[in-house]
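# Observations on the three-dimensional arrangement
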Amino acid sequence: MIYSHEVQQQCVVKKGPNHGPAPIPEEGKWIKSKQISDINGLTHGVGWCAPQQGACKLTLNIKDGIIEEALVETLGCSGMTHSAAMASEILPGKTILEALNTDLVCDAINVAMRELFLQIVYGRSQSAFSEGGLPIGASLEDLGKGLRSQVGTMFGTLAKGCRYLEMAEGYCTRMALDANDEVIGYEFIHLGKMMDFIKTGIDANEALIKAKSSYGRFDEAVKYIDPRNE
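Okay, so let's go over this structure. (Residues numbered from 1 in each chain as written. Predicted model: local features only at pLDDT ≥ 70, side-chain atom pairs only at ≥ 80, totals over all residues. Heavy atoms only, no water.)

## Comments concerning the nonpolar core
Residues Cys-56, Leu-58, Leu-60, Leu-91 and Ile-109 are the most contacted members of the largest nonpolar core, which totals 24 residues. At the level of elements, strand E4 (55-63), strand E5 (66-75), helix H2 (78-90), helix H3 (96-100) and helix H4 (107-121) are the ones that each hand at least two residues to this core. At 7 residues, H4 tops the list of elements feeding residues into this core. Those residues in contact with Ile-109 that lie beyond four places of it in its chain are Cys-56, Leu-58, Val-72, Ser-83, Ala-84, Ala-87 and Leu-104. (Core = buried A, V, L, I, M, F, W, Y, C linked by side-chain atoms within 4.5 Å. Buried < 20%, exposed > 50% of the residue type's maximum accessible area, 1.4 Å probe, protein only. Helix = DSSP H or I, 4+ residues; strand = E, 2+ residues; numbered from the N terminus. Contact = heavy atoms within 4.5 Å.)

As structure tokens, this is what we get:
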């Protein structure tokens, strides 16, 4: 340790109060976090790339400072899906400090990691007040049956109005319109369920029908349109 001449000439003034860091909520406990191994919790965060052409939602489950589980969901960039595949392999087993200083291949994933780091070290985790935290694998519950990200994709123009392309429930096949040509419902295919049906040996056409459902006043429509072709 090197001290400047000015500091060397100073007299010693003893430190008074030393209460340590303020406690943060972690998995049902109040923890005074002093080192990386003190950090626990499951948290979510969103990141974006420099040109803002894509985004990443990252979910981490951290136990004793180590990432035990990572869910990487990406949107808007074809190359980002390959980055996500690599990040899902890179992240587990690293401490959150290591992960913060690791190239996670994609800007959006790196930014998401930064945002999660801030949340988790300040005690802003989803499991902050859950005794014992959440089990490894908890992030998959957000995906629901079929283990697919919940994505909404909508398109609209002033000339022709809106088109529902994909809802959280699934791939939109038809939109229901009333007598005023206003949307009153939609039909969708839950692709995760459809693939599960096919994997059990059900014919693809039958699986499609079994995985199809509707929302709103779909059956009361005066007219139905294909959002991709009409």
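Back to the write-up after that little detour.
## Some points on the pairing of strand E7 (residues 161-167)
As paired elements, strand E6 (residues 153-157) and E7 share 5 bridges and run antiparallel to each other. By the bridge assignment for E7, Thr-157 is matched with Gly-161. Direction of pairing for E7 relative to strand E8 (residues 170-177): antiparallel, over a ladder of 2 bridges. When the sheet's bridge partners are listed, Met-167 is paired in E8 with Gly-170. In sequence, E7 turns back onto E8 through a hairpin of 2 residues. (Pairing = 2+ DSSP bridges.)

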